[in-house]
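# Survey of secondary and tertiary structure
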Amino acid sequence: MKKIALRAIVLLIIVVSSTNLFATHNRAGEITYEHVEGLKYRVTITTYTKNSAIADRPWLKIKWGDEPSNVTEAQLDSLPRVNGNGEVLPDDVQKNIYVGEHNYSGPGSFQISVEDPNRNAGVLNINNGNAITPQDQKTSTSVMAIFSISSLLVISPGINGHNNSVILTNPPTQQACIFQPWEHNPAAYDVDGDELVYSLVSCLGAGALPLAGWETPDDYTDSNSDTFTINEQTGDIQWLEPLVAGEYNIAILIQEFRNGTLVGSVLRDMQITVVNCNNQPPVIEPLPDFCIDANGTPLEFTVTATDPDGDPIVYSAYSGIFTDVENDANWNPNLHHFSWAPQCEEVRAQPYYVSFAATDNGNPNLTDIETVSILVVAPRVENPLASAQGNQVTVEWDVTPCLNAFEVYEQPYVKYKIYRHVGATGFIPNQCQLGVPASTGYVLVGTVNGANNNSFVDTDVIFGGEFCYLIVTVWPDGAQSYASAETCVTIQKEAPVLIKASIGATDMALGNDTIRWSEPSDLDTTVILPPYQYKLYHTDGFNNPAQLIFSSAEFTFLAQGTTQYVHENINTVENAHSYRVEFYAAGTMVNSSAVASTVFLEPVIGDNQITLNITHDTPWTNYEFYIYRKAPGESDFTFYDITSEAVYIDDSLQNNKSYCYRVLTLGTYNSPGVPDSLYNWSQQICVTPYDQTPPCPPELELVHNCADHTVQLVWNNPNLTCTNDVTAYNIYYTPVQGTPLQLIATINDPNITTYDMVIEQEPFSIAGCYYVTALDSLNIWPDGQLHQNESSNGNVICIDNCPIYFLPNIFSPNGDGINDLFVPFEYRYIESIDIKIYNRWGNVVFETTDPAINWDGRNKDSNNISNDGAYYYTIRVNTIRLSGIVTEEFAGSIQLMDGKVLGSGGQ
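## Structural notes on unusual backbone geometry
A cis amide bond links N363 with the next residue in sequence, P364, at an omega value of 0°. Mapped onto the elements, P364 comes out in the loop between β26 (352–360) and β27 (367–377). Between P530 and the following residue, P531, the backbone shows a cis peptide bond with an omega angle of 10°. When you line up the elements, P531 lands in the loop between β36 (511–518) and β37 (532–540). Of note in this structure, D92 is not a glycine but carries a positive phi near 60°. The residue D92 is located in the loop between β6 (87–89) and β7 (93–103) in this model. Under the relative-accessibility criterion, D92 is labelled partly exposed at 25%. The backbone of N863 shows a phi angle near 65°, a positive value even though the residue is not glycine.

Below is the structure:
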């Protein structure tokens, strides 16, 4: 019989290759690369082979990653071995190095890879990998597995410079002891300072694809105590308790990220040999991570380890900082002492990692690894100085001490970040506090680009405050320096200072504001000579005042000038007003005050409550807000409450009653030049609370049976958790995901929290998306009408149908009441079909769109029962799904038997 029901197709691909000689010798290896010039890269292949094996490779074929897809092995380039006949290492290992250069034609991502038959025999966690023949699949182990390694090279203008791969400084062959912890670190070093991420991946086989039959060492032993992990940040690998002696291979993928973008990767294939022994590994005393100022001061410490068996210990250290930086680190293995005095050339955003190894002389040699990170931090800029003039501050500092460490093309990408705080904090960064932590209260107010640009003008300051600044240098790669010393300055009263912007009358057209300011008493009148004059500017709202509304008479002495103005005939109901005063001497503008706005109340109406948002934009600090209220039945405003917040909630009110408010603010400049407090009134407002607050939404669950096409919605009663006035629920539904949900039912009892979907018509379908909302009680709104608040929808849940369609492969239309019709055995969630049944000559004898089919064997043209025999059909089945109507197509055959009993005629 045929069946349609969530069909899945499994495609099996068998890759077959051949070779005349199985060179069972490859243990480990990796591919690294470095940029030469332009689009030319130098690639180094390093392999570790079995020294006792007969096979040897004086050259290796390489895929650069830009070959055509149909390239043959004979057409691949060969890289020569450059270390003679190879370097013989302990434990039957030979190290081979192959080097070559390649010019790429343009940007792209290139997978550089090498394949070499074969791996050495006996690797326990590689089973039947890439077998060559069906017989091999039954009998081969790692000896039949292709050895493959690969690296990713990304050439892109978007990665800010060319990329060089990591260099792995710790060899990839190592022994472990059964039942003893094993540790390793590849000690990757990236000369570009990219962020490195380590992960364990499958070893590779033919086509540089994951190797069939590979599993992790702990999966091979299948024990909870045998865990195999890698630290994705440091690269430390730990095998907690090897349980089975033998050889294992793993693959370590080291990815490089620059500004969050993958710029390259190296995959190292590594072999671990586990042996039976009684030895225990040494243990290194824990070491902290370090941050060091790049000022030439050395970082020094000694590595100490103990061996449980009392074996002598040999100390080693692995990192690129011993060979590949401008100022190399020093390691004394005899004294196991480390020292490094990095300078500006070593500053970068990413830390350097050093892996220290303590190896005993037991049988076998066992090793403990301790990896530390060392972050080299840029020194701070020196001699910061803030100076004020009028309403602005100029901050200056010495250029970075590391200026000479940058290439000329890098200097424009160096930045200085300027942070500001009102009042001194005494912040001094500790050893690993880079930049300016948010906990200091400092905020970023500006950025200056260019290593030689060492000044910043801050115009967002006001009279009376002590403004303090910190400067941080940012390297082109994002590395931050330590913060500079604090530099502070107090803004003198050299400009007019606004001290009042108060609403006197609230009216749409006849409102008025009172504006007052204080003279620039710190102005040097021996330099700035009279005549003097004030000009007052205005704007609606909280914008920059640009409309001149008042010019004072000229005056000779500062104490003589007019310092108050009443702005009349304005709309103080619908918006705030902002003001600014300019000071002139001899007709020339000297300086300007900061902008100050009136206080404006913006109410939010709620259920039995009013929320007052007290909005303002003033150069002084408003520290208290006096709330005045006129309640229903009261004739005037009276003092009601006090708050220090600019948001005030008046609750326990009566809905549909009018409440009026005005607010008096108390402010200060915190300066003896302007006496406290500054008093300013808001406008008057009258508002009526009413219930327009929707209840919280219910949380929905669905209980459904696809075969029985039943759906029950179940939700919680919000009255029990987050509200108290839910009276009803609305049920929403759509049969097709992505289309709007429509209201299908309302339940007017808050205690009923289930709903059964009733599916009355065929074709049945439970597919769809559902959600439930809650409604509160009816209440009167200011429009005099009854309203009911509805919650937002809670969680939306979608479910799908499970359509099936079974057809028999035989029927007998002989009138005996058994199998007289060709009909489906079972079907559900079918919208329609299109079936055509053919005889052996290809003629259509029957067709229908009815999912039930109901063919009685008669020929559609002659109406006679068709002859016995095989008939063939094609069918399109239109299933009802959550996404809509989904069509499935298939074909089959049906055997008609005993059909001629009911009549004559033929097919």
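## What about the sheet that holds strand β31 (residues 443–449)?
Pairing within the open sheet is antiparallel, and its 4 strands lie in the order β31-β30-β33-β34. Two strands in the sheet have a free side with no partner beyond their single neighbour: β31 and β34 (487–490). Geometrically, the sheet is characterised by an average inter-axis angle of 25° between neighbouring strands, direction not taken into account. Sheet topology note: the strand β33 (residues 466–474)/β34 ladder contains 4 bridges and is antiparallel. Bridged to F467 within β34 is V489.

## With respect to the environment of I797
Following the sequence through the fold, I797 ends up in strand β59 (residues 797–799). Exposure remark for I797: the relative accessible area of 21% places this residue in the partly exposed category. Considering only alpha carbons, one finds I797 and L700, 97 residues apart in sequence, at a separation of 7.6 Å. Ignoring anything within four residues of it in the chain, the contact list for I797 reads L700, E701, L702, G768, C769 and Y770.

## Topic: the pattern of salt bridges
According to the stated counting rule, one finds 23 salt bridges in the structure shown. Linking E101 and K40 is a salt bridge whose minimum nitrogen-to-oxygen distance equals 3.9 Å. Of this pair, E101 sits in strand β7 while K40 sits in strand β3 (residues 40–50); the two residues are 61 residues apart in sequence, bridging distant segments of the chain. According to the relative accessible area criterion, E101 is partly exposed, its value standing at 39%.

## Here we look at empty space enclosed by the protein
Tallied over the full model, the rule gives 3 cavities of 30 Å³ or more. A volume near 50 Å³ is recorded for the largest cavity. Surrounding the largest cavity, N391, I462, F463, P496, V497, L498, S593, A594, P619 and Y669 form its lining. Here the residues of the lining of the largest cavity sort into 8 nonpolar, 2 polar and no charged.

## Section: the environment of S682
Residue position: S682 is located in the loop between β49 (678–681) and β50 (685–687). What makes S682 buried here is its relative accessible area of 1%. Each C-alpha atom, one on S682 and one on H616, is 9.4 Å from the other, the two residues being 66 residues apart in sequence. Look past the residues within four positions of S682 in its chain and what remains in contact with it is I503, V599, L601, R662 and V663.

## Structural notes on the packing of aromatic side chains
Scanning all chains against the criterion turns up 38 aromatic pairs. Ring plane angle 55° and centroid distance 5.7 Å describe the contact between Y805 and Y827, whose orientation is recorded as tilted. Of the two residues, Y805 is situated in strand β60 (residues 804–807) and Y827 in strand β62 (residues 827–828); the sequence distance between them amounts to 22 residues. With a relative accessible area of 0%, Y805 lands in the buried category. Of note, R580 hangs over the ring of Y537, and the distance from its end group to the ring centre comes to 4.9 Å. Its end group placed over the ring of W681, R662 keeps NZ or CZ at 4.0 Å from the ring centre.

## Considering a nonpolar patch on the surface
A cluster of nonpolar residues, L778, I780 and L786, forms a patch on the protein surface that exposes about 300 Å² of accessible area. Considering the arrangement of structural elements, one finds I780 in strand β57 (residues 779–780).

## Some remarks on the side chain of T598
By the element assignment, T598 lies in the loop between β42 (596–597) and β43 (600–606). The class of T598 is buried, set by a relative accessible area of 0%.

## Some thoughts on the nonpolar core
Counting residues in hydrophobic clusters, the biggest one holds 36 residues, and the most contacted among them are I321, F338, W340, F356 and I374. For this core, the secondary structure elements donating two or more residues are β20 (290–293), β21 (299–302), β23 (313–318), β25 (337–340), β26 and β27. Looking at this core element by element, the count peaks at 4 residues for β26. Formed by 25 residues, the second largest nonpolar core is a distinct cluster that contains V497, W517, L523 and L678.

## Some remarks on the environment of M270
With respect to the helices, strands and loops of the structure, M270 is situated in strand β18 (residues 261–275). Assessed through its relative accessible area of 0%, M270 is described here as buried. Distance in space between the C-alpha atoms of M270 and I252 is 7.7 Å, their sequence separation being 18 residues. Look past the residues within four positions of M270 in its chain and what remains in contact with it is R27, A28, P172, Q174, W182, H184, Y248, N249, I250 and I252.

## A short note on the pairing of strand β44 (residues 609–615)
Within β44, 5 of the 7 residues are buried, which leaves it mostly tucked inside the rest of the structure. Both β43 and β44 contribute to a ladder of 7 bridges, which runs antiparallel. Considered in β44, the bridge of G606 is made with Q609. Here β43 hands over to β44 after 2 residues, with N608 in that stretch at a positive phi of 60°. Bridge count between β44 and strand β47 (residues 647–650): 4 bridges; the pairing is antiparallel. The partner of L612 across the bridge, within β47, is Y648.

Conventions and cut-offs
- Residues numbered from 1 in each chain as written.
- Predicted model: local features only at pLDDT ≥ 70, side-chain atom pairs only at ≥ 80, totals over all residues.
- Heavy atoms only, no water.
- Helix = DSSP H or I, 4+ residues; strand = E, 2+ residues; numbered from the N terminus.
- Buried < 20%, exposed > 50% of the residue type's maximum accessible area, 1.4 Å probe, protein only.
- Pairing = 2+ DSSP bridges.
- Axes fitted to C-alpha atoms, helices over the stretch in contact; angles between N-to-C directions.
- Contact = heavy atoms within 4.5 Å.
- Salt bridge = Lys/Arg side-chain N within 4 Å of Asp/Glu carboxyl O.
- 1 Å grid on protein atoms, 1.4 Å probe; cavity = no way out; pocket = protein on both sides within 12 Å on 5 of 7 lines; lining within 4 Å.
- Points joined across faces, edges and corners; volume = space filled by probe spheres on them.
- Nonpolar A, V, L, I, M, F, W, Y, C, P; charged D, E, K, R; others polar.
- Phe/Tyr/Trp six-rings, centres within 6.5 Å; stacked < 30°, edge-to-face > 60°.
- Lys NZ or Arg CZ within 6 Å of the ring centre and 35° of its normal.
- Patch = residues over 30% accessible without salt bridge, like charges linked within 9 Å, V, L, I, M, F, W, Y side chains within 5 Å.
- Areas by Shrake-Rupley, 256 points an atom, 1.4 Å probe, with all protein chains shown as cover.
- Core = buried A, V, L, I, M, F, W, Y, C linked by side-chain atoms within 4.5 Å.

Any functional reading would require information beyond the geometric quantities listed.
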